[in-house]
Amino acid sequence: MTGTNMAYSLIKSILFSMDPERAHDLALKLSELAHKSHLSGFMFSDAELKTELFGLTFKNPVGLAAGLDKNGAYIDALAAMGFGFIEIGTVTPRPQPGNPKPRLFRLTESQAIINRFGFNNVGVEAMIANIKRAKYSGILGVNIGKNAVTPVEKAAQDYLYCLERVYEHASYITVNISSPNTKNLRDLQEGDQLARLLDQLKNRQQNLASKHQHTVPLVLKVAPDLDETQIEHISKAVLDNGIDGLIATNTTLDRDQVAGMAHCDEQGGLSGAPVRLKSDEVLKRFSEHLGSQVPLIGVGGITEGAHAANKIQNGASLVQLYSGLIYEGADLIYDSVRAIDRLTR
Ligand SMILES: Cc1cc2nc3c(=O)[nH]c(=O)nc-3n(C[C@H](O)[C@H](O)[C@H](O)COP(=O)(O)O)c2cc1C
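Note that the coordinates shown come from a computational prediction; the quantities given were computed from them, not determined experimentally.

What counts, and at which threshold
- Residues numbered from 1 in each chain as written.
- Predicted model: local features only at pLDDT ≥ 70, side-chain atom pairs only at ≥ 80, totals over all residues.
- Heavy atoms only, no water.
- Helix = DSSP H or I, 4+ residues; strand = E, 2+ residues; numbered from the N terminus.
- Rg over C-alpha atoms; globule rule 2.2 N^0.38 Å.
- Buried < 20%, exposed > 50% of the residue type's maximum accessible area, 1.4 Å probe, protein only.
- Areas by Shrake-Rupley, 256 points an atom, 1.4 Å probe, with all protein chains shown as cover.
- Lys, Arg positive; Asp, Glu negative; His and termini not counted.
- Charge placed at Lys NZ, Arg CZ, Asp CG, Glu CD.
- Axes fitted to C-alpha atoms, helices over the stretch in contact; angles between N-to-C directions.
- Parallel < 35°, antiparallel > 145°, perpendicular 65-115°, else oblique.
- Left-handed = near helix turned anticlockwise from the far one by under 90°.
- Contact = heavy atoms within 4.5 Å.
- Nonpolar A, V, L, I, M, F, W, Y, C, P; charged D, E, K, R; others polar.
- Core = buried A, V, L, I, M, F, W, Y, C linked by side-chain atoms within 4.5 Å.
- Expected span 1.5 Å × (residues − 1).
- Arc of directions from axis to C-beta.
- Pairing = 2+ DSSP bridges.
- Right-handed = clockwise from strand over helix to strand, strands pointing away.
- Near = heavy atom within 4 Å.
- Polar contact = N/O pair within 3.5 Å; in protein donor to acceptor, adjacent residues only side chain to side chain.
- Phe/Tyr/Trp six-rings, centres within 6.5 Å; stacked < 30°, edge-to-face > 60°.
- Lys NZ or Arg CZ within 6 Å of the ring centre and 35° of its normal.

Undergrad: Sorry if this is basic, but what is going on with the overall build of the protein chain here?
TA: Scanning the protein chain from terminus to terminus reveals 12 helices and 13 strands. Relative to the compact-globule value of 20 Å for 345 residues, the protein chain shows a C-alpha radius of gyration of 19 Å, a close match. With the C-alpha coordinates aligned to their principal axes, the bounding extent of the protein chain is approximately 50 × 45 × 45 Å. Among the 345 residues that make up the protein chain, the fraction classed as buried is 57%. Only carbon and sulfur atoms are counted for the fraction: they give 51% of the accessible area of the protein chain, which is about 14700 Å². Of note, the protein chain has its 35 positive side-chain charges centred 5 Å away from the centre of its 38 negative side-chain charges.

Undergrad: What should I look at first to understand the packing of helix α6 (residues 155-166) against helix α7 (residues 191-212) in this one?
TA: With their axes 10 Å apart at the nearest point, α6 and α7 run at an angle of 20 degrees to one another. Comparing the axis directions of α6 and α7 gives the class roughly parallel. The handedness of the crossing between α6 and α7 comes out as right-handed. Listed contacts from α7 to A156, Y159, L160, L163 and E164 of α6 are L197, Q200, L201, R204, Q205 and L208. Among the residues forming the contact of α6 with α7, the class breakdown is seven nonpolar, two polar and two charged.

Undergrad: Before we go on, may I ask you to explain the nonpolar core in this structure?
TA: Side chains of a nonpolar character, in soluble globular proteins, are inclined to be buried together. In terms of nonpolar packing, the biggest core is built from 88 residues, with Y159, L220, L246 and F286 touching the most fellow members. In terms of residue count, α6 provides more of this core than any other element does, seven residues in total. Leaving out residues up to four positions away in the same chain, Y159 has contacts with I144, G145, K146, V175, N176, I177, L185, L188, L197 and L201.

Undergrad: Would you mind showing me how to read helix α2 (residues 20-36) here?
TA: It helps to recall that an α-helix has 3.6 residues per turn; residues three or four apart then point in one direction. A rise of 1.5 Å per residue sets the reference length of α2, with its 17 residues, at 24 Å; its end C-alpha atoms lie 24 Å apart and thus fit the reference within 8%. Among the residues of α2, P20, E21, A23, H24, L28, S31 and A34 are the ones counted as buried. For α2, the angular spread of buried residues about the axis comes to 165 degrees, placing them on one side. Facing away from the buried side of α2 by over 90 degrees, the exposed positions are R22, L33 and K36. Remark: H38 follows α2 within two positions and exhibits a positive phi of approximately 60 degrees.

Undergrad: Looking at this structure, how should I read the pairing of strand β8 (residues 172-176)?
TA: Regular strands place their side chains on alternate faces of the sheet. Taking burial as the measure, the five residues of β8 include five buried ones, the bulk of the element. Taking every second residue as pointing to the same face, both faces of β8 are buried, with Y172, T174 and N176 on one and I173 and V175 on the other. Across four bridges, the pairing between strand β7 (residues 139-144) and β8 is parallel. What sits directly across from I144, in β8, is V175. Crossover β7 to β8 through α6 is right-handed. Inspection of the sheet shows β8 paired to strand β9 (residues 218-222) by four bridges, in the parallel sense. Bridging across to β9, T174 finds its partner in V219.

Undergrad: Looking at this model, I keep getting lost on the site of the ligand. Mind explaining?
TA: With respect to spatial proximity, 24 residues lie near the ligand, and among them A66, T90, G272, G301 and S323 are the closest. Backbone polar atom of G301 to an oxygen atom of the ligand: 2.7 Å apart, as the coordinates give it. About the coverage of the ligand: the protein hides 98% of its 600 Å² of free accessible area. Those elements that place two or more of their residues in the shell around the ligand are β4 (85-91), β6 (112-115) and β11 (269-272). Across the shell around the ligand, the residue classes break down as eight nonpolar, 14 polar and two charged.

Undergrad: Please clarify how the packing of aromatic side chains should be interpreted in this entry.
TA: Geometrically, a pair of aromatic rings is defined through the distance of the ring centres and the angle of the planes. Counting across every chain of the model gives four aromatic pairs. Ring plane angle 80 degrees and centroid distance 5.3 Å describe the contact between F16 and Y327, whose orientation is recorded as edge-to-face. In this pair, F16 sits in the loop between α1 (3-15) and α2 while Y327 sits in helix α11 (residues 323-328), placing the two residues 311 residues apart along the sequence. The pair formed by F16 and Y327 is uniform in burial state, with each residue classed as buried. Centre to centre, the rings of F54 and Y172 are 6.4 Å apart; their planes meet at 40 degrees, and the pair counts as tilted. Note that F54 is positioned in the loop between β1 (51-53) and β2 (56-58) and Y172 in strand β8, a separation of 118 residues in sequence. Among the aromatic side chains, those forming a connected cluster through ring pairs are F54, F58, F85 and Y172. Residue placement shows R106 over the ring face of F16; its charged tip is 4.5 Å from the ring centre.

Interpretation note: all reported values are geometric properties and have no functional meaning in isolation.
This is the structure we're talking about:
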């Protein structure tokens, strides 16, 4: 066990004895404290494995998944842990409180989390102020969504508004249509709605690219709960509309892997170890449809380095972590980079 690992085991035993959402907030504050006291350099390893994608250079291919830093309030502290890129959000046009508490549950025995936060966030303007305050100069993804009060038929307005506002501040922009916690959001993955949304977003991206003289890649984030017909349909819409990348996957509604466990019946999205197989399968299927034309980012259930390497073997160019970080600590970033590095040797 490394020194960082031992320190994390100790902190984790305290955090895991607390209410999950309070522990989540405290963990972010502690990481900021470590960063501000210049302890990050001693606590975290910094793994380099340069990766070029979307015309961008990533320090390493292991990123932070959306949802941990919804408001972009902890960018510097999280970057200091050694991530190759950071994705913040999901952000919506206007601030909103999200769903009532409790809305975050740990399924410790299966290294899993169920959340039904429902895009609690400070709104896009306050997020931009946070981005401007950060000193981080690495790759920053901004994940955008719609407000809960916006009817799903008018969702495009919210996505276009966020796209326009964050364009200048993001290295890439993720269109999140796969959260299970905003009513009917996943409907946007279906039928003509998807093609219409992607067409509008692509047009706006092109207008913004000529205005700002540079293209910010647009990436679509999908659910793991998709059958083959849906995967084919989404792949076609992505290719037809020139979407730049795809993130597979968000959390799952499936409870097969956690049946009978405490909290397994809580509503929301399940993440961590139990989503891994499903996420890997969906990633593989998208990779077969999209080939080398659309780069993939693999996320879901990485709790050890080998899982990250497996996603690369299943067609991902980059990976992201969330739940595994909560259970394993920041060593997981280093372990994942090393495992991916070993693939190329
Ligand atoms: C508490 C929590 C909040 C999340 N919030 C978001 C979010 O706001 N937007 C998003 O695109 N994904 C969100 N996610 C999904 C993660 O980004 C990731 O796709 C998913 O958890 C699978 O990865 P994991 O198994 O490594 O956690 C959230 C996940 C968790 C656990």
